[in-house]
Amino acid sequence: MNTYTIKKLSSKDLDDPEISLFLVRVGKTANEIYGDKFQWNSFYINHYIYHHRVVVCFRDWIPVGVMLSRLFPSIFDRNKVILYQDLLFAEKGTRAAKLLFDDFLDFGKSNANHIITMIAEKTNISDRSLRKKGFKKLETQYRLEVKK
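The rules behind each value
Residues numbered from 1 in each chain as written. Predicted model: local features only at pLDDT ≥ 70, side-chain atom pairs only at ≥ 80, totals over all residues. Heavy atoms only, no water. Helix = DSSP H or I, 4+ residues; strand = E, 2+ residues; numbered from the N terminus. Buried < 20%, exposed > 50% of the residue type's maximum accessible area, 1.4 Å probe, protein only. Contact = heavy atoms within 4.5 Å. Areas by Shrake-Rupley, 256 points an atom, 1.4 Å probe, with all protein chains shown as cover. Phe/Tyr/Trp six-rings, centres within 6.5 Å; stacked < 30°, edge-to-face > 60°. Salt bridge = Lys/Arg side-chain N within 4 Å of Asp/Glu carboxyl O. Patch = residues over 30% accessible without salt bridge, like charges linked within 9 Å, V, L, I, M, F, W, Y side chains within 5 Å. Lys, Arg positive; Asp, Glu negative; His and termini not counted. Charge placed at Lys NZ, Arg CZ, Asp CG, Glu CD. Expected span 1.5 Å × (residues − 1).

### A short note on the overall build of the chain
- Secondary structure summary: the chain contains four helices and five strands in total.
- The buried share of the chain, taken over its 148 residues, is 32%.
- Residue pairs in contact within the chain that sit at least 24 positions apart in sequence constitute 58% of those at least 6 positions apart.
- Total accessible area on the chain stands at roughly 10,600 Å², and carbon and sulfur atoms take up 53% of it.

Listed below in structure tokens is the structure:
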């Protein structure tokens, strides 16, 4: 039986080569999904960890998923706090996506007034599953790549 654990990372966790290599692999994989348009190596993970939230899911102490999210006040009402998902990555054949998403929701329900998530183009999360959790469709995002 597999044992799953969730851990919020600190900068010290990046000293663990297994975690660091996993995050590099996640960055490369996410970049490939989006057509190799980003310089993942320029992402300053220490800064993100210090100012935001990076949570890793482990299966039998091996990293199998990660969720990056930010908690910040609304630009429209500084008394309202928003939890925003930047990235959810999970290895296929694991429960990491569900566990990370549940952790994200629990954190948001305790610390935010609004929780904003997304459905990436190449994911198995559906509108239906988000509606079951109480989410309402807010908007549809599109990306235009500007060639320079």
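### Some points on the packing of aromatic side chains
- Counting across every chain of the model gives three aromatic pairs.
- Taken together, a centroid distance of 5.7 Å and an interplanar angle of 45 degrees make the contact between Phe 101 and Phe 104 tilted. Placement of the pair is Phe 101 and Phe 104 together in helix H3 (residues 96-111), with a separation of three residues, close to one helical turn.
- For Phe 104, a relative accessible area of 0% puts it in the buried group.

### So, the pattern of salt bridges
- Counted under the stated rule, the structure contains five salt bridges.
- Between Asp 102 and Lys 98 there is a salt bridge whose closest N-O contact spans 2.5 Å. Taken together, the residues Asp 102 and Lys 98, both in helix H3 and four residues apart, mark about one turn of the helix.

### What to know about a nonpolar patch on the surface
- A contiguous nonpolar patch, built from Ile 33, Tyr 34 and Phe 38 and spanning about 270 Å² of accessible area, is present on the exposed surface.
- With respect to the helices and strands, the residue Tyr 34 is situated in the loop between helix H1 (17-33) and helix H2 (45-51).
- Exposure remark for Tyr 34: the relative accessible area of 35% places this residue in the partly exposed category.

### Observations regarding a positive patch on the surface
- On the surface, Arg 128, Arg 131, Lys 132 and Lys 137 cluster together into a patch of positive charge.
- Position of Arg 131 relative to the elements: it lies in helix H4 (residues 127-132).

### Regarding H3
- Taking 1.5 Å of rise per residue, 16 residues should cover 22 Å, and H3 covers 22 Å from first to last C-alpha, within 8% of that figure.
- Ala 96, Leu 99, Leu 100, Phe 101, Phe 104, Leu 105 and Gly 108 are the residues of H3 that are buried.

### Notes on unusual backbone geometry
- With a phi angle near 50 degrees, Asp 60 is a residue other than glycine that sits in the positive phi range.
- Mapped onto the fold, Asp 60 is located in the loop between strand S2 (53-59) and strand S3 (62-73).
- We note that Trp 61 has phi near 70 degrees; this positive angle belongs to a residue other than glycine.
- Summarising the element assignment, Trp 61 is placed in the loop between S2 and S3.
- Trp 61 sits in the exposed class, given a relative accessible area of 62%.

### Here's the deal with the environment of Gln 39
- As for its position among the elements, Gln 39 is in the loop between H1 and H2.
- A C-alpha to C-alpha distance of 9.1 Å links Gln 39 and Gly 27, two positions 12 residues apart in sequence.

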